[in-house]
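Notes for the structure review
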Amino acid sequence: MSTLDLFQSAAPAGPERIGPCAYVLRGCALSCEQALLSAVAAIEARAPFRHMVTPGGYAMSAALTNCGALGWTTDRRGYRYTAVDPQGGQPWPAMPAVFARLARAAAAAAGFADFEPDACLMNRYALGARMSLHQDKNEQDFDAPIVSVSLGMSATFLFGGLDRSAKAMRLLLHHGDVVVWGGADRLRYHGVLAPEGAPHPLLGDCRINLTLRKAG
Ligand code: MD3
Ligand code: FE
C-alpha cells in the first residue's frame, strides 16, 4: 500500500466547528451504520413512525417515533415528553446500546464528557417533508448537548440564531454525519429542508434523523 492509499483511506475527518459549542463530525456514524439501521427497524416494528399533530392543529410533514426512557410527543394539548407511547400505551422501545455509545463518543469528541441520553427522537422525512425553524426547549436540562445522526438521503440543515429573525447558516448533511450542539448553541433556532439528491442505497427515498437528548 502506498502512502497515498493511506491518506485516501476512510479516516474520519476531525470535528468541524460550526458555532461556539457546535460541531459536525463527518461520517462519524458510518462504521456502525448496519447496527444503527437494524436498531431503527426493530424500533419502528414496535413503535411505528407516525405524523403527529402540533398544538396549532397541523400534521407534521416528518413522521416520528422515539426510543429510550422518554419520548417526545405533540398533540392539540401541547409538546411534552412521555414515558409511554400514546399510540398503544406501551413504554417506548429501549435505547439501543449502539445509539447510546455513538452519542456518548460524539459528545466526548465535541468536548461534552459523560453524555447520557435518556431520549432519542427519530424523524423520518419522505420526499418533500421538512421541519421549519424552531427551538428545542422541552428538555429539563439545557446544559446537556443534543447529538444528531443523519441517515439516508442528504438534506440542508438551517442553523439560525437565538432569535427567530437571525439569518440562518446552511449546512448540507449526508448519511453518517453526526452533529453535536450544546452550551451557547443549545437554544439556537434550527430547521431542515426536504431530502435532496439521489435516493440512498440502503434507505431509498427518505432521510432519517436520530436526535439523542437528555430530556428528564
Ligand atoms: C441545533 N430535527 O427533531 S436535528 C428535531 O434533522 C430537529 O430531524 C432536525 O430539529 C432533523 O427537533 C435537526 C439537529 C438539531 C437538534 C437540536 C438542536 C440541531 C439543533 C438544538 C439546538 C441547536
Ligand atoms: Fe429541533
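Here the structure is a predicted model, which means the values were calculated and not measured.

In terms of nonpolar packing, the biggest core is built from 34 residues, with Leu36, Phe99, Met122, Val147, Val149, Leu210 and Leu212 touching the most fellow members. In contact with Leu210, other than residues within four places in its own chain, are Leu36, Val40, Phe99, Cys120, Leu121, Met122, Val147, Ser148, Val149 and Leu151. With 24 residues, the next largest nonpolar core counts Ala119, Ala129, Leu173 and Val179 among its residues.

Another point: the environment of Pro117. Examined against the element boundaries, Pro117 turns out to sit in the loop between helix H3 (97-109) and strand S6 (119-126). Classification of Pro117 by relative accessible area gives buried; the value is 15%. Pro117 sits 49 residues away from Gly68 along the chain, and the two C-alpha atoms are 8.1 Å apart. When residues no more than four places from it in sequence are discounted, the contact partners of Pro117 are Met95, Ala100, Ala103, Leu212, Arg213 and Lys214.

All right, on to the UniProt feature "binding site: Fe cation" (unreviewed entry) in the protein chain then. According to UniProt, the positions carrying the feature "binding site: Fe cation" (unreviewed entry) are His134, Asp136 and His190. Spatially, the listed residues are clustered: although they cover 57 residues, their C-alpha atoms lie within 8.7 Å of one another. As for the annotated residues, the ones lining the largest pocket are His134, Asp136 and His190. Relative to the elements of secondary structure, His134 occurs in strand S7 (residues 131-134). Under the relative-accessibility criterion, His134 is labelled partly exposed at 22%. Leaving out residues up to four positions away in the same chain, His134 has contacts with Arg188, Tyr189 and His190. Among the polar contacts listed, one links the side chain of His134 to the side chain of Asp136, at a separation of 2.9 Å.

Conventions and cut-offs
- Residues numbered from 1 in each chain as written.
- Chains lettered and ligands numbered in written order.
- Predicted model: local features only at pLDDT ≥ 70, side-chain atom pairs only at ≥ 80, totals over all residues.
- Heavy atoms only, no water.
- Core = buried A, V, L, I, M, F, W, Y, C linked by side-chain atoms within 4.5 Å.
- Buried < 20%, exposed > 50% of the residue type's maximum accessible area, 1.4 Å probe, protein only.
- Contact = heavy atoms within 4.5 Å.
- Helix = DSSP H or I, 4+ residues; strand = E, 2+ residues; numbered from the N terminus.
- UniProt positions renumbered as here; feature names shortened; annotations may be inferred.
- 1 Å grid on protein atoms, 1.4 Å probe; cavity = no way out; pocket = protein on both sides within 12 Å on 5 of 7 lines; lining within 4 Å.
- Polar contact = N/O pair within 3.5 Å; in protein donor to acceptor, adjacent residues only side chain to side chain.

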